[in-house]
Amino acid sequence: MTEKTENKDLVQDLQAENVVEETEVVEEQKAELTIEEQYEAKLAELQAKLDDEENRHLRLRADFDNIRRRNQLDREAAEKYRAQSLLSDLLPVIDNFERALQVEATSEETASIVKGIEMVYRSLIEAAEKEGLQIIKAEGEQFDPNIHQAVMQEQDSEKETGVVLRELQKGYMLKDRVLRPTMVSVNE
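Quick caveat: nothing in here was measured; it's all calculated off a predicted structure.

Definitions and cut-offs
- Counting starts from 1 at the beginning of each chain's written sequence and moves along it residue by residue.
- Only residues with pLDDT of at least 70 are given local features in this predicted model, and only at 80 or more are side-chain atom pairs given and counted; all residues enter the totals for whole chains, interfaces and linings.
- To obtain the side-chain values, all non-hydrogen atoms of the structure were included, while hydrogens and water were left out.
- To qualify as a helix, a DSSP run of H or I must reach at least 4 residues; to qualify as a strand, a run of E must reach at least 2; elements of each kind are numbered from the N terminus.
- For the exposure calls, accessible area comes from a 1.4 Å probe over protein chains only, and a residue counts as buried if that area is under 20% of its type's maximum, exposed if over 50%, partly exposed in between.
- The contact criterion used is simple: two residues touch if any of their non-hydrogen atoms lie within 4.5 Å.
- Throughout, the Shrake-Rupley method with a 1.4 Å probe supplies accessible areas, and for residues the shown protein chains are the sole cover considered.
- The angle between two axes is taken between their N-to-C directions and runs from 0 to 180 degrees, where each axis is a line fitted to C-alpha atoms and a helix contributes only its stretch in contact.
- Should an angle lie under 35 degrees it is considered roughly parallel, over 145 roughly antiparallel, and from 65 to 115 roughly perpendicular; all remaining angles are considered oblique.
- In a left-handed crossing the near helix is turned counterclockwise from the far helix by less than a right angle, and in a right-handed crossing that turn is clockwise.
- Following the grouping adopted for this structure description, the nonpolar residues are Ala, Val, Leu, Ile, Met, Phe, Trp, Tyr, Cys and Pro, the charged ones are Asp, Glu, Lys and Arg, and the polar ones are all others, Gly among them.
- Think of a nonpolar core as a cluster: buried Ala, Val, Leu, Ile, Met, Phe, Trp, Tyr and Cys residues, connected wherever their side-chain atoms sit within 4.5 Å.
- Any two strands with at least two DSSP-identified bridges between them are counted as paired.
- Salt-bridge detection follows one rule: a side-chain nitrogen of Lys or Arg within 4 Å of a carboxyl oxygen of Asp or Glu.

A. Summary view of the overall build of the protein. Helix and strand counts for the protein come out as three helices and six strands. Listing every helix and strand of the protein by position from the N terminus yields α-α-α-β-β-β-β-β-β. By the burial criterion, 18% of the 188 residues in the protein qualify as buried. A fraction of 61% describes how many contacts in the protein between residues 6 or more apart in sequence connect residues 24 or more apart. Total accessible area computed for the protein in this model is approximately 14,700 Å², and 52% of it derives from carbon and sulfur atoms.

B. Focus on unusual backbone geometry. Phi is positive for K175, close to 55°, though the residue is something other than glycine. On the secondary structure map, K175 appears in the loop between β4 (171-174) and β5 (177-180). Take K175: its relative accessible area is 31%, and that puts it in the partly exposed class.

C. Here's a closer look at the packing of helix α2 (residues 84-101) against helix α3 (residues 108-130). With their axes 10 Å apart at the nearest point, α2 and α3 run at an angle of 150° to one another. The orientation of α2 relative to α3 falls into the category roughly antiparallel. The two elements α2 and α3 cross, and the hand of that crossing is left-handed. In this structure, α2 contributes L87, L90, V93, I94, F97, E98, A100 and L101 to the contact, and α3 contributes V114, I117, E118, V120, Y121, L124, I125 and A128. Grouping the constituent residues of the contact of α2 with α3 by class yields 14 nonpolar, no polar and two charged.

D. Inspection of the nonpolar core at higher detail. Counting 14 residues, the largest nonpolar core has L87, L91, I94, L133 and L179 as the members making the most contacts within it. Among the elements of the structure, α2, α3 and β4 are those that each provide at least two residues to this core.

E. View of the pairing of β5. Sheet topology note: the β4/β5 ladder contains three bridges and is antiparallel. Paired with L174 across the bridge in β5 is R177. Linking β4 to β5, which pair antiparallel, is a turn of two residues; within it K175 sits at a positive phi near 55°.

F. Broad picture of the pattern of salt bridges. Scanning the model with the defined rule gives ten salt bridges in all. We note a salt bridge from K49 to E45, for which the minimum N-O separation is 3.7 Å. With K49 and E45 both in helix α1 (residues 2-80) and four residues apart, this pair spans about one turn of that helix. Accessibility expressed as a relative area gives 47% for K49, which makes it partly exposed. Taking relative accessible area as the criterion, E45 reaches 38% and is therefore assigned partly exposed. A salt bridge links E53 to R56, with the shortest nitrogen-to-oxygen separation between them at 3.7 Å. Remark: R56 and E53 occur in helix α1; sequence separation between them is three residues, near one turn of the helix. Relative accessible area serves as the criterion here: at 45%, R56 is assigned to the partly exposed category. A cluster of three or more residues bridged by salt bridges with shared partners is formed by R61, D65 and R68.

Structure representation (structure tokens):
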């Protein structure tokens, strides 16, 4: 009996060791699962951060491109309209030259002065036209509030309503911008 009891004890000891080993294996597997779960959670967190940073990078890149494009357009506009301030200041001078040219020359001396004024006026107009100054046509045209300023209304039954009858002061454009609208009298 002793041998049987010993065998029984040995079998029980072996079974107990197997249970302990199985328990340890199960606990190790559980520990591994929690490590894997932690790894997956950390991976998901890092992926979310990466996605956020990529979105932020794309937005910053788009903002940078927009700023660069806007600056380019501003530079082009500044170059295109660089003479605007100078030409705006010269418009009264041009008006004065035109008034001076309307004076009738009664003597040879005044005729030569008027001729000199006309030469200076033409030179000034040519220089201004090289920079893009254009006279706005008004008389006989349909009234356009974007380029005409109506200061009077008259009645002419031979012309349509809304037609410019007289030009009271010339208007000018710089390329596609109105520097000064034409002052006009419009048909009722």
